[in-house]
Amino acid sequence: MARTDSDTVARPTPEPSRAGGIPPGVALVTGASSGIGAAIAERIAAEGGWRLLVSGRDAERLEEIAAHTAATALCADLTTGDGTRQLVSEALEAAGRVDLLVAGAGIGWAGTFHTMPLHTASRVLSVDLASVVQLVRLVLPHMLAAGQGHIVLIGSVAGRLGVRGEAVYSAAKAGVATFADALRCELDGTGVRVTHVVPGVVATRFFERRGAPYTRSLPRPMPPRKVADAVWNALQQGRHEVYVPRWLRIPVLVRGIAPGLYHRLAARFG
């Protein structure tokens, strides 16, 4: 496993709690070998002052991202608890701490639920939900001891509304959303913040890897950098939850206020 630099950076003096902003430190970004994770890693690196750790499953691509962002590459398999524990252990060994965790790794599968292989369902749940919970559980005690830190969980609009043909992926992302809400309440006053990012359709290899292309005319896929910019802005503004694009809040609100109307529209338009 290649690393660009094994030196640790000095721990900054914790800053008083404030409405927004985050001081540079050590950032760990998972899912960074492509798509949203890669774009977020590049966005953080562009700010300067950060010690960046990037994790992904595509070792060759991860090395390219690490070279481009002057990061440390930590190849990891998040389908297992052992892989997740190894990643955190290597991150702490490489940098001494994690001030910002961006849980961006995710996989999908498209098709009717009754045809979905059980092992595929287990894999989606392992990567998209279980590994997120495990990562946070392993990193959080260090953040609490330092009295500061920020956790960014990359969800999906599928976790807020549910998407036909993606039942298990939707369930996993719904779990991430509820986990973020509960964790945020629990961490109030500790100096550790939680941000839940809810992207819509993003132009990445996600659809190719899930086994079916994206065929809808609306919403149109957006570039990963748009999500990365939203993540960075949320960090600076101290936002709890951000939708990308922002209009995605509308169908979520409709579902909450008028569920009958929402379900009729969903049945008609998918």
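Residues numbered from 1 in each chain as written. Predicted model: local features only at pLDDT ≥ 70, side-chain atom pairs only at ≥ 80, totals over all residues. Heavy atoms only, no water.

### Re the packing of helix α1 (residues 35-47) against helix α2 (residues 59-69)
For any two helices packed against each other, one specifies the inter-axial angle together with the distance between the axes.
Move 1: Closest axis-to-axis distance for the α1/α2 pair is 10 Å, and the angle between their directions is 15 degrees. By the criterion of interaxial angle, the relationship of α1 to α2 is roughly parallel. Relative to α2, α1 is oriented so that their crossing is right-handed. For the pair α1 and α2, the contacting residues are Ala38, Ala41, Glu42 and Ala45 in the first and Ile65, His68 and Thr69 in the second. (Axes fitted to C-alpha atoms, helices over the stretch in contact; angles between N-to-C directions. Helix = DSSP H or I, 4+ residues; strand = E, 2+ residues; numbered from the N terminus. Parallel < 35°, antiparallel > 145°, perpendicular 65-115°, else oblique. Left-handed = near helix turned anticlockwise from the far one by under 90°. Contact = heavy atoms within 4.5 Å.)

### Some points on the pattern of salt bridges
Move 1: If you walk through the whole model with that rule in mind, you get 8 salt bridges.
Move 2: Where arginine 43 meets glutamate 47, a salt bridge forms, and the shortest distance between an N and an O atom there is 2.2 Å. Placement of both arginine 43 and glutamate 47 in helix α1 is noted, with a separation of 4 residues, approximately one turn of the helix.
Move 3: On the accessibility criterion, arginine 43 (21% relative accessible area) is partly exposed.
Move 4: Aspartate 82 is paired through a salt bridge with arginine 85; the nearest N and O atoms lie 2.3 Å apart. Of this pair, aspartate 82 and arginine 85 both sit in helix α3 (residues 81-95), 3 residues apart, which is roughly one turn of the helix.
Move 5: The class for arginine 85 is partly exposed, based on a relative accessible area of 46%. (Salt bridge = Lys/Arg side-chain N within 4 Å of Asp/Glu carboxyl O. Buried < 20%, exposed > 50% of the residue type's maximum accessible area, 1.4 Å probe, protein only.)

### Describing helix α8 (residues 224-237)
Move 1: Between its terminal C-alpha atoms α8 stretches 20 Å, which fits the 20 Å expected from 14 residues at 1.5 Å a residue.
Move 2: Pro224, Val227, Ala228, Ala230, Val231, Trp232, Ala234 and Leu235 are the residues of α8 that are buried.
Move 3: Buried residues belonging to α8 abut α1, β4 (100-103), β5 (149-154), β6 (192-199) and β7 (241-244).
Move 4: Just past α8, the residue glycine 238 takes up positive phi, approximately 65 degrees. (Expected span 1.5 Å × (residues − 1).)

### Here's the deal with unusual backbone geometry
Move 1: Put simply, valine 244 and proline 245 share a cis peptide bond, and its omega is -5 degrees.
Move 2: Mapped onto the fold, proline 245 is located in the loop between β7 and α9 (249-257).
Move 3: The backbone phi angle of alanine 70 is positive, close to 55 degrees, even though this residue is not glycine.
Move 4: By the secondary structure assignment, alanine 70 is in the loop between α2 and β3 (72-75).
Move 5: A residue is classified by how much of its surface remains accessible, and alanine 70, at 63% relative accessible area, is exposed.

### Section: the packing of aromatic side chains
Move 1: Taken as a whole and judged by the stated rule, the model has 1 aromatic pair.
Move 2: Where tryptophan 50 meets tryptophan 232, the ring centres are 6.4 Å apart and the plane angle is 80 degrees; that geometry is what we call edge-to-face. With tryptophan 50 in the loop between α1 and β2 (51-56) and tryptophan 232 in helix α8, this residue pair connects regions lying 182 residues apart in the sequence. Considered together, tryptophan 50 and tryptophan 232 belong to a single accessibility category, that of buried residues. (Phe/Tyr/Trp six-rings, centres within 6.5 Å; stacked < 30°, edge-to-face > 60°.)

### Concerning the nonpolar core
Move 1: Core analysis: the biggest nonpolar cluster contains 39 residues, and Leu53, Leu101, Val136, Ile151, Leu153 and Leu183 have the highest contact counts within it.
Move 2: When residues of this core are traced back to their parent elements, those giving at least two are β1 (26-29), α3, β4, α4 (118-146), β5, α6 (167-186) and β6.
Move 3: At 9 residues, α4 tops the list of elements feeding residues into this core.
Move 4: If near-sequence neighbours (up to four positions away) are discounted, leucine 183 is found in contact with Val136, Leu140, Ile151 and Val194.
Move 5: Counting 34 residues, the second largest nonpolar core, distinct from the first, contains Ile36, Ala41, Val197 and Val231. (Core = buried A, V, L, I, M, F, W, Y, C linked by side-chain atoms within 4.5 Å.)

### Quick notes on the confidence of the model for the chain
Move 1: Averaged over all residues, the pLDDT of the chain equals 88, while 85% of them reach at least 70.
Move 2: Overall, residues 1-19 carries pLDDT values under 50, and its contacts beyond four positions in sequence, including any with other chains, amount to 45 contacts. (pLDDT = per-residue confidence, 0-100.)

### Structural notes on the environment of threonine 112
Move 1: By the element assignment, threonine 112 lies in the loop between β4 and α4.
Move 2: Overall, the relative accessible area of 42% leaves threonine 112 in the partly exposed class.

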